[in-house]
Amino acid sequence: MCNLYRMNRSVDEVARAFDLAAPLGLNVASELYPKSNGLVIAEGGLRSMTWGFPLAQKSKVTGEPLKPRPVNNTRSDKLDSFMWRYSFAERRCLIPLTAWAEAEGSKGEMTRTWLSVPGEEVFTAAAIWRASDEWGDCYSMVMTDAAGDAAAVHDRMPVILAGDDRNTWTSGAEEDARALCLPYQGSLTVERTSERWGKR
């Protein structure tokens, strides 16, 4: 599952790439972890939202509420579950990104492996969003089975969308959007690094 991705293009660059207006004052990170503020394309515009739906937690010892946990990935085969189904039906969006990372290696020694679409300065992953009391508007990345280059790194990968599929995902019928939740069939650039996974 994806717990780290990069968006190292400016808001203006993303706006130009997708022929959108560039709102002023968007607060977004360039290296994104769960609960970071990220850039999304929702309702026809660029917006800043928190990465992850808040999941309420309680202490197993005291029963007292704990800080909510961000659920930042949505499995495509679970879109009908209670947590996701209304957002999938009513609020689908796109995540612009330049690469996503997976952890490889032994426990305690894991490093970052970055995956990206060759020739694309910015590409898009499928996502859903909703409003929350805890963090305001928030989003979750939709994941599917990995294939091709990505399968050598992890068994899951983001649903990557391009061209007309972007509009189908955000505005099309549910059954048409669901049909897009497939492994990416194109080639990917895989960059294995010596960067520690947990260096943050």
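This text goes with the structure placed above it.
Owing to the predicted nature of the structure, the values given are computational and were not obtained by experimental measurement. (Residues numbered from 1 in each chain as written. Predicted model: local features only at pLDDT ≥ 70, side-chain atom pairs only at ≥ 80, totals over all residues. Heavy atoms only, no water.)

Topic: the sheet that holds strand β2 (residues 31-32)
Argument step 1. The 5 strands are arranged β2-β1-β9-β10-β15 in an open sheet whose pairing can be described as antiparallel. At either margin of the open sheet sits one strand with a lone partner, and together these are β2 and β15 (189-196).
Argument step 2. Sheet topology places strand β1 (residues 5-6) next to β2; 2 bridges connect them, and they run antiparallel. When the sheet's bridge partners are listed, Arg6 is paired in β2 with Glu31. (Pairing = 2+ DSSP bridges. Helix = DSSP H or I, 4+ residues; strand = E, 2+ residues; numbered from the N terminus.)

Things to note about the side chain of Thr144
Argument step 1. The topology assignment puts Thr144 in strand β12 (residues 136-145).
Argument step 2. Setting aside residues up to four positions removed in sequence, Thr144 forms contacts with Ser76, Asp155, Arg156, Met157, Pro158, Val159, Cys181, Leu182 and Pro183. (Contact = heavy atoms within 4.5 Å.)

Concerning the nonpolar core
Argument step 1. By size, the foremost hydrophobic cluster in this structure holds 51 residues, and its most contacted members are Tyr5, Ile95, Trp100, Tyr139, Met141, Trp169 and Leu188.
Argument step 2. Put simply, the parts of the chain that give this core at least two residues each are α1 (11-17), β3 (37-42), β4 (45-51), α2 (82-90), β8 (92-97), β11 (123-132), β12 and β14 (160-161).
Argument step 3. When residues of this core are assigned to their parent elements, the largest contribution, 6 residues, is made by β11.
Argument step 4. In this view, Leu188 contacts Trp100, Leu115, Ser116, Val117, Pro118, Asp149, Ala150, Met157 and Ile160; residues no more than four positions away in its chain are not counted.
Argument step 5. One finds Leu4, Ala99, Ala101 and Trp114 within the second-largest nonpolar core, a separate group that totals 5 residues. (Core = buried A, V, L, I, M, F, W, Y, C linked by side-chain atoms within 4.5 Å. Buried < 20%, exposed > 50% of the residue type's maximum accessible area, 1.4 Å probe, protein only.)

Section: the packing of aromatic side chains
Argument step 1. Within this structure, the stated rule accounts for 5 aromatic pairs.
Argument step 2. Centre to centre, the rings of Phe82 and Tyr86 are 6.2 Å apart; their planes meet at 90°, and the pair counts as edge-to-face. One end of the pair, Phe82, and the other, Tyr86, are both in helix α2, 4 residues apart, so they sit about a helical turn from each other.
Argument step 3. Here Phe82 falls in the exposed class, since its relative accessible area comes to 61%.
Argument step 4. The exposure class of Tyr86 is partly exposed, given its relative accessible area of 42%.
Argument step 5. Seen from their ring centres, Trp100 and Phe123 are 6.3 Å apart, and the 70° between their planes marks the pair as edge-to-face. With Trp100 in strand β9 (residues 99-104) and Phe123 in strand β11, this residue pair connects regions lying 23 residues apart in the sequence. Take Trp100 and Phe123: they sit in the same class, and that class is buried.
Argument step 6. Across the ring face of Trp114, the terminal group of Arg6 is positioned such that the distance to the ring centre comes to 3.9 Å. (Phe/Tyr/Trp six-rings, centres within 6.5 Å; stacked < 30°, edge-to-face > 60°. Lys NZ or Arg CZ within 6 Å of the ring centre and 35° of its normal.)

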